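Here are the chains, one letter per residue:
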Amino acid sequence: MRGSTGFLLCSLLLVAPHCTEVAAQDLQPDPKTPCANWMGGAPGYPGHNGLPGRDGKDGKDGLKGEKGEEGMQGPKGDRGEIGVPGQEGPRGFPGYPGQKGEKGEGAFVYRSAFSVGLTERAPHPNVPIRFSKIFYNEQSHYDASTGKFLCSIPGMYYFAYHLTVYLTDVKVSLYKKDKAVIFTYDQFQKNNVDQASGSVLLHLSTGDEVWLQVYGEGDNNGVYADNINDSTFMGFLLYPDLDVH
């Protein structure tokens with residue numbers, strides 16, 4: 001008896017909710033009808049914004065746009081390093097001849113020279129030997145009447161003499177401004193004709209005189225000349241002083 005009662009009670013408990021659900025469904029108004037035969041509640045408030053979603057994947061590249069306007073020129077940059085020299089280019093054609101220049105001043109050539117010879121034998125000692133045989137004296141800087149050369153162009157000069165020695169010894173000196181510069185001595189050998197010579201470079205100023213004379217007493221004046229033997233004296237300007245001329 002208890003078993004039947006318990007089974008019946010359980011069956012009622014299982015069927016009751018189902019019947020209640022069916023009854024509830026039967027009581028629901030049709031939402032499509034006006035006012036739906038019921039009164040709805042007030043609308044709720046909007047909810048809070050949700051969290052941002054994840055970044056989406058990059059889209060495809062768009063089409064290339066049109067070329068923009070040229071911008072303003074920027075400031076000048078620093079100077080770069082010097083590059084490596086390039087190869088030598090081909091040789092060019094000859095240029096046209098230039099214009100003729102103005103006529104220059106002619107170079108003046110300074111000349112001063114003489115060459116003379118002896119005509120008399122045994123010249124007097126301690127006075128200038130007068131070489132009166134003139135070989136060259138175009139500028140007349142040598143005076144045959146005095147036996148002296150007078151400097152008219154200051155500069156460097158060369159002088160030389162070549163003497164025939166006969167009958168006695170020879171001792172001669174070349175003078176510049178009353179001062180002996182060089183001496184030459186030759187001892188005569190009997191029954192023989194000898195030679196004596198000398199040369200020197202001298203710087204002369206305007207007015208300086210140069211000559212040759214027998215030095216000492218008359219025992220040393222064996223300078224000789226005849227128709228086949230000469231005793232000569234010469235000199236010439238090497239170059240003038242440029243600061244004067």
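A separate point is the overall build of the protein. If you tally the helices and strands in the protein, you get one helix and 10 strands. Seen in sequence order, the protein has helices and strands lined up from the N terminus as α-β-β-β-β-β-β-β-β-β-β. Of all 245 residues assigned to the protein, the portion counted as buried reaches 25%. Once local pairs closer than 6 in sequence are excluded, the contacts in the protein between residues at least 24 apart make up 69%. For the protein, the accessible surface area stands at approximately 20,200 Å², while carbon and sulfur atoms represent 54% of it.

Across the six residues of strand β8 (residues 209–214), five count as buried, placing the element largely inside the fold. Inspection of the sheet shows strand β4 (residues 148–150) paired to β8 by two bridges, in the antiparallel sense. Bridge pairing in β8 places Phe 149 opposite Val 210. When strand β5 (residues 155–176) meets β8, the two strands line up antiparallel, connected through five bridges. Bridging across to β8, Leu 174 finds its partner in Leu 212.

Our focus in this paragraph is the confidence of the model for the protein. Looking at the protein, the pLDDT average stands at 82 and 81% of residues meet or exceed 70. Below pLDDT 50 for its whole length, residues 15–27 participates in zero contacts with residues either more than four positions away or in separate chains.

The next point concerns the pairing of β5. Two elements, β5 and strand β7 (residues 194–204), share 11 bridges in a ladder whose sense is antiparallel. Opposite Tyr 161, over in β7, you have Gly 198 as the bridge partner. In this sheet, strand β9 (residues 221–224) lies alongside β5 in antiparallel orientation, the contact comprising three bridges. Looking across to β9, one finds that Val 170 is bridged to Asn 221. As paired strands, β5 and strand β6 (residues 179–186) are joined by seven bridges and run antiparallel to one another. Within the sheet, the bridge partner assigned to Lys 176 lies in β6 and is Lys 179. The turn joining β5 and β6, which pair antiparallel and follow one another in sequence, is formed by two residues; a positive phi near 55° is taken by Lys 177.

Attention shifts here to the pattern of salt bridges. Applying the stated criterion to the full structure yields three salt bridges. A salt bridge links Glu 209 to Lys 148; the nearest nitrogen and oxygen atoms lie 3.6 Å apart. Placement of Glu 209 in strand β8 and of Lys 148 in strand β4 is noted, with a sequence separation of 61 residues between them. Overall, the relative accessible area of 30% leaves Glu 209 in the partly exposed class. A salt bridge links Lys 177 to Asp 208, with the nearest nitrogen and oxygen atoms 3.9 Å apart. Placement of Lys 177 in the loop between β5 and β6 and of Asp 208 in the loop between β7 and β8 is noted, with a sequence separation of 31 residues between them. Look at Lys 177 and you get exposed, because its relative accessible area is 52%.

Cut-offs used in this document
- Here the residue numbers are simple positions, counted from 1 along each chain's written sequence.
- Totals for whole chains, interfaces and linings use every residue, but because this is a predicted model, local features are given only for residues with pLDDT of at least 70 and side-chain atom pairs only at 80 or more, for both listing and counting.
- Side-chain numbers here rest on the full set of heavy atoms in the structure, without hydrogens or water.
- Strands are runs of DSSP state E lasting at least 2 residues, helices are runs of H or I lasting at least 4, and numbering of each runs from the N terminus.
- Accessible area is worked out with a 1.4 Å probe on protein chains only. A residue is then buried under 20% of its type maximum, exposed over 50%, and partly exposed in between.
- Whether two residues touch is decided by their heavy atoms; if any such pair falls within 4.5 Å, the residues are in contact.
- Here, Shrake-Rupley sampling with a 1.4 Å probe gives the accessible areas, and only protein chains in the shown set may cover a residue.
- Criterion used throughout: strands pair if DSSP finds at least two bridges between them.
- Confidence scores per residue from the predictor, reported as pLDDT, run from 0 to 100.
- Definition used for salt bridges: Asp or Glu carboxyl oxygen within 4 Å of a side-chain nitrogen of Lys or Arg.

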